[in-house]
Amino acid sequence: MIYLIIAIVCGSLFAVVLRLFQQFKINSEQGILFNYITGTIVSLVTLFAADAPVTEALIDNSVFSYRIMLTAMIGALFTSGFIIMDMSTWRNGIALTTVIARASLMLPVVFSWLFLNQQQPSWLAVMLVLIALLLIVLPNRPQERSEKRSATDAIRRRKALLTLTSVFLVFGTSDFLMKILQYSVEVDFGTDKVMSEQLINMLTATIFVMASIFALIICLCKGSFRQSRTDWRTIVGGVVLGIINTGSAACMLRGLGCLPTSLYYPVYNIGIVSLATIIGVIFFHEKIKPLQVLGLALAVVAIALNT
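All residue numbers refer to position in the chain's written sequence, counted from 1. Local features in this predicted model are restricted to residues of pLDDT 70 or higher, and side-chain atom pairs are both shown and tallied only at a pLDDT of 80 or more, whereas totals for entire chains, interfaces and linings draw on every residue. Think of the side-chain values as coming from all heavy atoms in the structure, minus any hydrogens and water.

Draft legend 1. Representation of the pattern of salt bridges in the model. Any carboxyl oxygen of Asp or Glu that lies within 4 Å of a side-chain nitrogen of Lys or Arg is treated as forming a salt bridge with it. What the rule picks out here adds up to two salt bridges. Between Glu29 and Lys222 there is a salt bridge, and its shortest N-O distance comes to 2.7 Å. Placement of Glu29 in helix H2 (residues 28–48) and of Lys222 in helix H9 (residues 193–222) is noted, with a sequence separation of 193 residues between them. For the salt bridge of Arg233 with Asp231, the shortest nitrogen-to-oxygen distance reads 3.3 Å. The class for Arg233 is partly exposed, based on a relative accessible area of 32%. Burial status follows relative accessibility: with a 1.4 Å probe on protein chains alone, a residue under 20% of its type maximum counts as buried, one over 50% as exposed, and anything between as partly exposed. Taking relative accessible area as the criterion, Asp231 reaches 14% and is therefore assigned buried. A helix here means a DSSP run of H or I that spans at least four residues, while a strand means a run of E at least two residues long, and both kinds are numbered starting from the N terminus.

Draft legend 2. Region of interest: the packing of aromatic side chains. Aromatic rings from Phe, Tyr and Trp, taking only the six-membered ring of Trp, are treated as a pair when their centres fall within 6.5 Å; an angle between ring planes under 30 degrees marks them as stacked, one over 60 as edge-to-face, and anything in between as tilted. Enumeration according to the criterion identifies six aromatic pairs in this entry. Pairing Tyr36 with Phe208 gives two aromatic rings, centres 5.9 Å apart and planes at 40°, and the pair type is tilted. Remark: Phe208 occurs in helix H9 and Tyr36 occurs in helix H2; sequence separation between them is 172 residues. Of the residues examined, Tyr36 reaches a relative accessible area of 0% and is grouped as buried. On the basis of relative accessible area, Phe208 is assigned to the buried category, the value being 0%. Between Phe111 and Phe176, the aromatic rings sit 5.3 Å apart at their centres with planes inclined by 65°, giving edge-to-face as the arrangement. Of this pair, Phe111 sits in helix H6 (residues 106–115) while Phe176 sits in helix H8 (residues 147–189), placing them 65 residues apart in sequence.

Draft legend 3. Broad picture of the nonpolar core. The biggest cluster of nonpolar side chains holds 56 residues, and the ones touching the most others in it are Tyr36, Ile74, Phe82, Met85, Leu241 and Tyr268. Counting only elements with at least two residues in this core, the list comes to helix H1 (2–23), H2, helix H4 (68–92), helix H5 (94–103), H8, H9, helix H11 (232–258) and helix H12 (261–283). In what follows, residue pairs with any heavy atoms lying within 4.5 Å of each other are defined as contacts. The contacts of Tyr36, once residues within four sequence positions are left out, are Phe78, Thr79, Phe82, Phe208, Ala211, Ser212, Ala215 and Asn245. To qualify as a nonpolar core, a set must consist of buried Ala, Val, Leu, Ile, Met, Phe, Trp, Tyr and Cys residues joined through side-chain atoms within 4.5 Å. In terms of nonpolar packing, the next biggest core, distinct from the first, is built from ten residues, Ala103, Val110, Leu128 and Val129 among them.

Draft legend 4. Representation of H4 in the model. By this rule the span expected of a helix is its residue count minus one, scaled by 1.5 Å. Taking 1.5 Å of rise per residue, 25 residues should cover 36 Å, and H4 covers 35 Å from first to last C-alpha, within 8% of that figure. Among the residues trailing H4, Gly93 stands out with phi positive, at a value near 95°.

Draft legend 5. Layout of unusual backbone geometry. One non-glycine residue, Lys25, lies in the positive phi region at around 55°. Here Lys25 shows up in the loop between H1 and H2.

Draft legend 6. Quick peek at the side chain of Thr40. By secondary structure assignment, the location of Thr40 is in helix H2. Polar contact is defined as a pair of N or O atoms within 3.5 Å, subject to the rule that within protein one atom must be able to donate a hydrogen and the other to accept it, and that residues adjacent in sequence are counted only when both atoms are side-chain atoms. A distance of 2.8 Å separates the side chain of Thr40 from the backbone oxygen of Tyr36, its partner in a polar contact. With near-sequence residues (within four places) excluded, Thr40 lies in contact with Phe208, Val209 and Ser212.

Rendered as structure tokens:
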């Protein structure tokens, strides 16, 4: 249960830190890069501080090699997920972005039932999530003061809708791949807690290495270092986000091994939605429209129905 609590706290702080990036004018691409460098360092320290013979045995064991491609995919999704979340918090706010990210739990729950023989999801909950998503992303008509203003608002609404949809797909897919990773560890070393724990440490470190590589590629392609000077705020922000990210990934992999998917994801997501919404409304004075409030409430009900 302690892993679940830590994962909830860390998960709710993602959007908050990214919003602070914008508030303090921190280059998000560079911050995300330093975040994954921090995650890599922390994960490697944890890995090599553990039992060396166990680590060597895992390196020699072929069960690690076929997971490299999976960790590369998760690393790419982690990096793109942070960038998309950064754009969404700017356009839609912390509360709505977090709700969409957490409502994506239906993807791993349904896919785990289809492909990993996990418990069947509540189809009522799935339908409620779809309705909630429509209510949350449904743009309200602005007051059309001029043709130019109307066109600008239409473009803004389309971009907001695109970022929310992308958040849903990216986070749902990465959560399912994390479940596959944890499931593979359970299949190979379910009865050997020492080997399972160390393999999770190795996989977490590998995910962050892959994510760092993708983040660096994005920074170089977008010319982030030419456009914005790397200062102490960027480094500190990235380190803080990296510590939160490392705690979230490590606790998530361990928590998934302690609870069934259909129970873990609902509790995890209800906690994050509730905490992030409170933070967004109280500390950032975010305003949520009536239809979006209804959608948020339906999302929480849907998550609860799936427990």
